[in-house]
Amino acid sequence: MDLALLEETLRARGEPAFRARQVWEWTARGAPGYADMTNLPRGLRTELEAAVPFSTLTVEAERESRDGTVKTLFRTEDGHPVEAVLMRYRDGRRSLCVSSQSGCPLTCTFCATGSMAFGRNLTASEIVDQALHFRRLTAVDHCVFMGMGEPMLNLDEVLGAVRNLPDVGITHRRTTISTVGWLPGLRRFVDEVDKPIRLALSLHAPDDELRSRIMAVNDRYPIADVVAECRRHVDATNRRVFVEYVMLAGVNDSPEQARALAELLGRDHFKVNLIPYNPWAASAGGDAAGARPNTPRTAAGGLYDGSPRERISAFRHELERARVPVTVRLTRGRDIEAACGQLAAAPRSRRDTQPVGA
Ligand code: SAH
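What counts and what doesn't
- Every chain is numbered independently, its residues counted from 1 as its sequence is written.
- Residues qualify for local features only when their pLDDT is at least 70, as the model is predicted, and side-chain atom pairs are given and counted only at 80 or more; totals for whole chains, interfaces and linings, by contrast, use all residues.
- Side-chain descriptors were evaluated using all non-hydrogen atoms of the structure, hydrogens and water having been removed beforehand.
- Note that domain bounds follow an automatic or database assignment of domains.
- The contact criterion used is simple: two residues touch if any of their non-hydrogen atoms lie within 4.5 Å.
- Accessible area that two parts lose when put together, with a 1.4 Å probe and added across both, is what the buried area reports.
- Think of a patch as exposed residues, more than 30% relative accessible area, with no salt bridge, where like charges cluster within 9 Å and nonpolar side chains (Val, Leu, Ile, Met, Phe, Trp, Tyr) cluster within 5 Å.
- Per-residue accessibility takes into account occlusion by the displayed protein chains alone, with areas from the Shrake-Rupley method and a 1.4 Å probe.
- The salt bridge criterion pairs a side-chain nitrogen of Lys or Arg with a carboxyl oxygen of Asp or Glu, the two atoms within 4 Å.
- When charges are tallied, Lys and Arg are placed among the positive residues and Asp and Glu among the negative ones, while His and the ends of the chain are skipped.
- Charge positions come from single atoms, namely NZ of Lys, CZ of Arg, CG of Asp or CD of Glu.
- The helix and strand labels rest on DSSP assignments: H or I over at least four residues marks a helix, E over at least two residues marks a strand, and numbering proceeds from the N terminus.
- Distances are taken per atom, and a residue is near a molecule or strand as soon as one of its heavy atoms is within 4 Å of it.
- We call two N or O atoms a polar contact when they sit within 3.5 Å, provided that within protein one can donate a hydrogen and the other can accept it, with sequence-adjacent residues counted only if both atoms are side-chain atoms.
- Each residue receives one of three labels: charged for Asp, Glu, Lys and Arg, nonpolar for Ala, Val, Leu, Ile, Met, Phe, Trp, Tyr, Cys and Pro, and polar for the others, Gly being one of them.

> Would you explain the domain arrangement of the chain in this entry?
Buried accessible area, meaning the area lost when the parts come together, often serves as the stated size of an interface. According to the domain assignment, the chain contains domain 1 (1-54) and domain 2 (55-353). The gap between the C-alpha centroids of domain 1 and domain 2 is 34 Å. Counting residues at the interface gives 13 residues for domain 1, matched by 11 residues for domain 2. Taken together, both faces of the contact between domain 1 and domain 2 bury some 950 Å²; the carbon and sulfur share is 51%.

Spelled out as C-alpha cells, the structure:
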C-alpha cells in the first residue's frame, strides 16, 4: 500500500488525522482488504478501494515447496517482476526474503538474478507489500534483504521499508540487509543508521584475484575496503557481520582458502555462513545466462557445481580451528527455485511442486 497516497487521499477527503494510522494498523496486522476495517465508515472503505490500491504489487504466481517454503512472483504496476520467499522453520520461525530491486544490475557469475534484465529500484511501499502479502498468510518475525537486487544501491527505499516492518511483526534486530559490499551505500549505512539492523556481506572469496573473477563488483570495491567498513559497523554496534560464502566446487572451497578466509576475517568481527550452491540451469530459465557467452557450463547446465558435503565440512573445520564462528546454511525451497541465488522470475520446472493451497 502506498502510504503517501493513502494520507493524501484521506486529507483531500477531509478525514481526521488518525484515519491513516487506523488503515495502516489493520493492514500491518494482516487484514485481507479494506472491507475488513470495521472501525472505518463503510463509505470510506469503498472509496479507498477505488482510490488507493490495497497493494502496489499484484500476485502473478505462487508455489509451495515440499519443505513449506513459499515463493511468490509479483508484478509492479508498471510490469516489473519481483520475487519474495517465505521460509517456515520447525522451531516456529517465519522468515521472509524480500527483493529491493526488480532484477539486479550486478553480474555475480553464480547468481541467477544477475543474469536477468535489470528493471529498477523498488519503492519502500513495494518492498513492504512483499512482506504484507505473506503477513496475510501467517505471522512473520524475521526478514532478510536477500531476494533480487542490491539493497545498498537503493538504500533510502530499503530503510523506508525497514522503518515499517516492526508494525508487521519484524523488529530491527530481526532484520538483515545483505550486500555485495557496494561501498557508497555501505558507508552511508554504517555512518547514518542507528537502528540495530543486522548486516550481511556476500564475500565468497578470500582474495581479490578470485573475487573479481566471480564478482565483477570487486574490481570497483576491493575486499580490504569492504571488510574495513564492516569492521567499523561491528565496532559501532557490537554486533557481528554475517559473511555469506557460497561453496563452489574447485573454485573457492579448498582448505587453504578456508585458512586465508580465517586470516582475513579474524575471530571477533564476523560470523561465516557457508551456503551450499543452489544450481540454476541457464539454458532452462529463458535466455538467462545466454547474456554471458563463452562461459563453460557444467554437466548440470550451470556455470558451477556445488561443493560436495565433505568439502564443506572440511572448510568449516578449518574455520573452527582458527576460532572463526561458522555455520552452514540450511537450504530451503530448492525444488521451486526459491533458494539463494535462484530468483530470476522465470518459473520453469513445475515437477514436485504444488500451487499454494492445493
Ligand atoms: N545483492 C545482495 C542481496 C542478495 S543476497 C547480496 O548479494 O548480498 C543473496 C545471497 O545469495 C547472496 O549472498 C548471494 O551471493 C547468494 N547466492 C547467489 N547465487 C547463489 C547460488 N546459486 N547458490 C547459493 N547462494 C547464492
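> Any chance you could explain a negative patch on the surface here in plain terms?
A contiguous patch of negative charge, built from Asp 207, Asp 208, Asp 219 and Asp 225, is present on the exposed surface. Mapped onto the elements, Asp 219 comes out in helix H8 (residues 217-220).

> Help me out: how do you make sense of the site of the ligand in this one?
The environment of the ligand is made up of 22 residues, and the closest members are Phe 110, Ser 178, Ser 202, His 204 and Asn 278. Within the contact set of the ligand, an oxygen atom lies 3.0 Å away from a side-chain nitrogen or oxygen of Glu 244. The contact in question runs from a nitrogen atom of the ligand to an N or O atom on the backbone of Asn 278, over 2.9 Å. Calculation on the ligand without its partners gives an accessible area of 540 Å², and the protein chains cover 95% of this total. Contributions of two or more residues to the shell around the ligand are made by strand S6 (175-179), strand S8 (241-247) and strand S9 (270-276). For the shell around the ligand, the per-class residue count stands at 12 nonpolar, 8 polar and 2 charged.

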